[in-house]
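# Close look at the chain arrangement
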Amino acid sequence: MKKNETNLTILNVFFVVSLVISNVVTGKLIYTGISLFKGTVVTLPGAGVCYAITFLVTDVIGELWGKKQADKTVAMGLIGQVFATILIIMTQFLPAADKEMQAAYEKILGQNWIFVIASLSGYLCSQLWDVWIFHKIRDRMIAKKGSNHCRWIWNNASTMTSQIIDTVVFISIAFGLGFGWFFKKEMHVVLLSMLIGQYIFKFILACLDTPFFYLLTHQKND
């Protein structure tokens, strides 16, 4: 990918769209059929793939345009996410012509404040860590080896650790505190299954994005 303003704009568009859509489709739970701990079936949020794209995009931007630009992308994503949430809530409270459509809208897009807080917290913590650790490892390894040929290392290390943060922060706030599962002994197993199951899924996605990262960051001097 050429390092120019057009490609940077395209990547930022992909980032914001993937982030906003991930919050729209997160209400759909995917049944995996996989059981952990006393037969608790693991379910995955529909946002999994969409959200994984955001980490790939910030890694590509960080590799080609640097940490400062990657931080700007994270900031733009936050603004886009907050603005989208405001628009969804505003539309929810406008007079409805059809009660059934209004009920469907609220069921699919209705914003629960605890989930909004959990989503924004997970986003900020994980994305800021992703950009920071990506460049920390990258700068150290390039200084040591003199090239960026091993960029799969900082790509995977940053995304995989970031996904741990995102998973723990979101589930802890949304379900542990929001649903009060931290205070219900019988739900601790469900929380643990959710944490492990979702992270395994995100870990696999992080591995799968490596070829795309290399393709998008390939330069003639590689």
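Residues numbered from 1 in each chain as written. Predicted model: local features only at pLDDT ≥ 70, side-chain atom pairs only at ≥ 80, totals over all residues. Heavy atoms only, no water.

### Focus: the overall build of the protein chain
- Helix and strand content of the protein chain: eight helices and two strands.
- Shown N-terminal to C-terminal, the secondary structure of the protein chain runs as helices and strands in the order α-β-β-α-α-α-α-α-α-α.
- Dimensions of the protein chain, computed from the C-alpha atoms along their principal axes, are close to 60 × 45 × 25 Å.
- Each of the 222 residues in the protein chain was classed as buried or not, and the buried ones make up 41%.
- Excluding contacts between residues fewer than 6 apart, the proportion of contacts in the protein chain whose partners are at least 24 apart in sequence is 73%.
- Looking at the protein chain as shown, the accessible area adds up to about 12,400 Å², and 71% of this sits on carbon and sulfur atoms. (Helix = DSSP H or I, 4+ residues; strand = E, 2+ residues; numbered from the N terminus. Buried < 20%, exposed > 50% of the residue type's maximum accessible area, 1.4 Å probe, protein only. Contact = heavy atoms within 4.5 Å. Areas by Shrake-Rupley, 256 points an atom, 1.4 Å probe, with all protein chains shown as cover.)

### Notes on the pattern of salt bridges
- By the definition in use, this model includes four salt bridges.
- Note that E63 is salt-bridged to R138, the shortest N-O span being 3.0 Å. Of this pair, E63 sits in helix α2 (residues 48-65) while R138 sits in helix α5 (residues 113-145), and the two are 75 residues apart along the sequence. Like E63, the residue R138 is buried in the burial classification.
- Ionic pairing is found between R138 and D139, a salt bridge with its closest N-O pair at 3.9 Å.
- On the basis of relative accessibility, which here comes to 17%, the residue R138 falls in the buried class.
- Three or more residues are tied together by salt bridges with common partners; here these are E63, R138 and D139. (Salt bridge = Lys/Arg side-chain N within 4 Å of Asp/Glu carboxyl O.)

### Thoughts on the nonpolar core
- Among the nonpolar cores identified, the biggest contains 20 residues, and L11, V60, I61, W65, Y123 and F213 are the most heavily contacted of them.
- Within the residue set of this core, elements represented by two or more residues are α1 (5-25), α2, α3 (67-92) and α5.
- In terms of residue count, α2 provides more of this core than any other element does, eight residues in total.
- With residues up to four places along the chain from it excluded, the contact list for F213 reads L56, D59, V60, E63, F134, R151, W154 and N155.
- A118, W181, L191 and M194 belong to the second largest nonpolar core, which has twelve residues in total. (Core = buried A, V, L, I, M, F, W, Y, C linked by side-chain atoms within 4.5 Å.)

### Focus on the environment of N23
- Examined against the element boundaries, N23 turns out to sit in helix α1.
- When the C-alpha atoms of N23 and A47 are compared, they prove to be 6.7 Å apart, with 24 residues separating the residues in sequence.
- In contact with N23, other than residues within four places in its own chain, are Q81 and S119.
- Within polar-contact distance, the side chain of N23 engages the side chain of Q81 at 3.5 Å. (Polar contact = N/O pair within 3.5 Å; in protein donor to acceptor, adjacent residues only side chain to side chain.)

### Examining a nonpolar patch on the surface
- Together, F37, L192, I196, I200, F203, I204 and L208 make up an exposed nonpolar region whose accessible area comes to about 600 Å².
- The residue L208 is located in helix α7 (residues 188-208) in this model. (Patch = residues over 30% accessible without salt bridge, like charges linked within 9 Å, V, L, I, M, F, W, Y side chains within 5 Å.)

### Some remarks on the packing of α2 against helix α6 (residues 151-177)
- Two elements in contact, α2 and α6, have axes whose closest approach is 11 Å; the angle formed by their N-to-C orientations is 140°. What the angle tells us is that α2 and α6 run oblique. Relative to α6, α2 is oriented so that their crossing is right-handed. Residues Y51, A52, F55, D59 and E63 of α2 lie in contact with α6, whose contacting residues are R151, W154, N155, S158, T159, S162, Q163 and D166.
- The class makeup of the residues in the contact of α2 with α6 is four nonpolar, five polar and four charged. (Axes fitted to C-alpha atoms, helices over the stretch in contact; angles between N-to-C directions. Parallel < 35°, antiparallel > 145°, perpendicular 65-115°, else oblique. Left-handed = near helix turned anticlockwise from the far one by under 90°. Nonpolar A, V, L, I, M, F, W, Y, C, P; charged D, E, K, R; others polar.)

### Looking at the side chain of H135
- Along the chain, H135 falls in helix α5.
- Note on H135: relative accessible area 7%, which makes it buried.
- From its side chain, H135 meets the backbone nitrogen of K67 in a polar contact 3.4 Å long.
- Those residues in contact with H135, other than ones at most four positions away along the chain, are G62, G66 and K67.

### Description of the packing of α3 against α5
- Where α3 meets α5, the axes come as close as 10 Å, and the angle between the chain directions of the two elements is 170°. In terms of orientation, α3 lies roughly antiparallel with respect to α5. For the pair α3 and α5, contact is made by K67, A70, D71, T73, V74, G77, L78, Q81, V82 and T85 and by V116, S119, L120, Y123, L124, Q127, L128, V131, W132 and H135, respectively.

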